[in-house]
Amino acid sequence: MKYPLVEIFSSLQGEGRNAGRPCVFVRFAWCNLACAWCDTDVAERFSLDLDALVAELETHKERSVVLTGGEPTLVAGMPELVARLKEHGWWIAVETNATRSREDAPWLDFVDYVACSPKAEAPAEVRLESADEVRVVASSEDVVDFCRSIHSRIAARDYYVSVCDRDGEMDFATAKSVLSRLPGWSLNVQLHKLIGIR
Ligand code: SF4
């Protein structure tokens, strides 16, 4: 079995509570949503088996890894990958669109950090029950009701609103307006966009 991949690269985590943390990003191919403003190329570019993927990660200096996508909870072989990375001492974060529950993806219980980004465009698809942090993109003023619903459905320590990026245009005004109506929510700063890194 091989893992479908888009890219593997070192950078700083740009989002949420771990912003600024040096990490290796593993972007898995394919997603089950099709968000209108999605700027992520999720087509498979290459594949690696478990040994080759872990060996590739070991060539990087960082010891924190972000398993992202696409949608990593759709990928087969994640329990084996997480177990192997823990054996090698990696700190593991996962970024998911929250469409799969912990029952669907029980290996989520064995990673160090789960960040989820439920999509207001697909409210019926949200199944994840808990995460370390929740990030919702302020794609319109109407996202406030969705955020309130998500707050009651997904237990998390931190709740963030992200600025919507439409073809490089950052819509801070909508994010600010949305946040003003969501006590306890904070702006997801998206450090990578501010300092111009991946
Ligand atoms: S969930 Fe993420 S990767 Fe999937 S279509 Fe939406 S923005 Fe793109």
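Residues numbered from 1 in each chain as written. Predicted model: local features only at pLDDT ≥ 70, side-chain atom pairs only at ≥ 80, totals over all residues. Heavy atoms only, no water.

Student: Got a minute to help me understand the overall build of the protein in this structure?
Tutor: In terms of helices and strands, the protein carries 5 helices and 10 strands. A globule of 198 residues ought to have a C-alpha radius of gyration of about 16 Å, and the protein, at 16 Å, matches this closely. Its C-alpha atoms give the protein principal-axis dimensions of about 50 × 35 × 30 Å. Residues classed as buried in the protein amount to 52% of the 198 residues present. Considering only contacts within the protein whose residues lie at least 6 apart along the sequence, 68% involve residues at least 24 apart. Surface summary for the protein: the accessible area is close to 9300 Å², and the carbon and sulfur share equals 51%. (Helix = DSSP H or I, 4+ residues; strand = E, 2+ residues; numbered from the N terminus. Rg over C-alpha atoms; globule rule 2.2 N^0.38 Å. Buried < 20%, exposed > 50% of the residue type's maximum accessible area, 1.4 Å probe, protein only. Contact = heavy atoms within 4.5 Å. Areas by Shrake-Rupley, 256 points an atom, 1.4 Å probe, with all protein chains shown as cover.)

Student: Is there a simple way to think about the packing of aromatic side chains in this case?
Tutor: Two numbers describe a pair of aromatic rings. These are the distance of the centres and the angle of the planes. Counting across every chain of the model gives 4 aromatic pairs. Ring centres 5.2 Å apart and planes at 45 degrees place the aromatic pair Y159 and W185 in the tilted group. Taken as a pair, Y159 in strand β8 (residues 158-166) and W185 in the loop between α4 (172-180) and β10 (186-188) lie far apart in primary sequence, 26 residues in all. Between the NZ or CZ atom of R21 and the centre of the ring of W91, over which it lies, the distance is 3.6 Å. (Phe/Tyr/Trp six-rings, centres within 6.5 Å; stacked < 30°, edge-to-face > 60°. Lys NZ or Arg CZ within 6 Å of the ring centre and 35° of its normal.)

Student: When you look at the site of the ligand in this model, what are you seeing that I'm missing?
Tutor: The immediate surroundings of the ligand are formed by C31, L33, A34, C35, W37, C38, G70, N97 and K119. One can see that the ligand is located within the largest pocket. Considered class by class, the residues forming the shell around the ligand number 6 nonpolar, 2 polar and 1 charged. (Near = heavy atom within 4 Å. 1 Å grid on protein atoms, 1.4 Å probe; cavity = no way out; pocket = protein on both sides within 12 Å on 5 of 7 lines; lining within 4 Å. Sits in = over half its atoms within 2 Å of the grid points. Nonpolar A, V, L, I, M, F, W, Y, C, P; charged D, E, K, R; others polar.)

Student: Hey, could you run me through the nonpolar core in this one?
Tutor: Generally speaking, nonpolar side chains in soluble globular proteins are found buried as a group. Among the nonpolar cores identified, the biggest contains 48 residues, and F28, L53, L67 and L81 are the most heavily contacted of them. Looking at which element gives the most residues to this core, the answer is helix α3 (residues 143-153), with 5 residues. With 8 residues, the next largest nonpolar core counts F9, F25, V66 and W91 among its residues. (Core = buried A, V, L, I, M, F, W, Y, C linked by side-chain atoms within 4.5 Å.)

Student: In this structure, what is going on with the layout of surface pockets? I would like to understand it.
Tutor: Any empty space left between the atoms is revealed when a probe the size of a water molecule rolls over them. Here the largest pocket is characterised by a volume of approximately 1000 Å³. Contributing to the lining of the largest pocket are 40 residues, with E15, R27, D39, T40 and G69 lying nearest its centre. Looking at the lining of the largest pocket, the elements that each hand over two or more residues are β1 (3-12), β2 (22-28), β5 (91-96), β7 (133-138), β8 and α5 (191-195). Of the residues contributing to the lining of the largest pocket, the split by class is 15 nonpolar, 12 polar and 13 charged. (Points joined across faces, edges and corners; volume = space filled by probe spheres on them.)

Student: What is the right way to look at the packing of helix α1 (residues 50-58) against helix α2 (residues 78-87) in this model?
Tutor: In a packed pair of helices, the relevant descriptors are the angle between the two axes and the axis-to-axis distance. The N-to-C vectors of α1 and α2 enclose an angle of 40 degrees; their axes lie 11 Å apart at closest approach. Considering the angle they form, α1 stands oblique to α2. Helix-helix and strand crossings are classified by hand; for α1 and α2 the assignment is right-handed. Where α1 approaches α2, its residues L50, D51, L53, V54 and L57 are matched on the opposing element by E80, L81, R84 and L85. (Axes fitted to C-alpha atoms, helices over the stretch in contact; angles between N-to-C directions. Parallel < 35°, antiparallel > 145°, perpendicular 65-115°, else oblique. Left-handed = near helix turned anticlockwise from the far one by under 90°.)

Student: Whenever I open this one, the side chain of N18 confuses me. Can you help?
Tutor: The topology assignment puts N18 in the loop between β1 and β2. We classify N18 as buried; its relative accessible area is 14%. In contact with N18, not counting residues within four places along its chain, are Q13, W91 and Y113.

Student: What's the story with the pattern of salt bridges in this structure? I'm lost.
Tutor: Oppositely charged side chains can pair when the atoms bearing their charge come close. Tallied over the entire structure, the rule returns 14 salt bridges. Ionic pairing is found between E7 and R27, a salt bridge with its closest N-O pair at 2.8 Å. A residue pair is termed long-range when its members are at least 10 positions apart, and E7 in strand β1 and R27 in strand β2 qualify at 20 residues. Summarising the burial analysis for this pair, E7 and R27 share the class buried. Linking R157 and D158 is a salt bridge whose minimum nitrogen-to-oxygen distance equals 3.8 Å. (Salt bridge = Lys/Arg side-chain N within 4 Å of Asp/Glu carboxyl O.)

What is shown is where atoms sit, not what they do.
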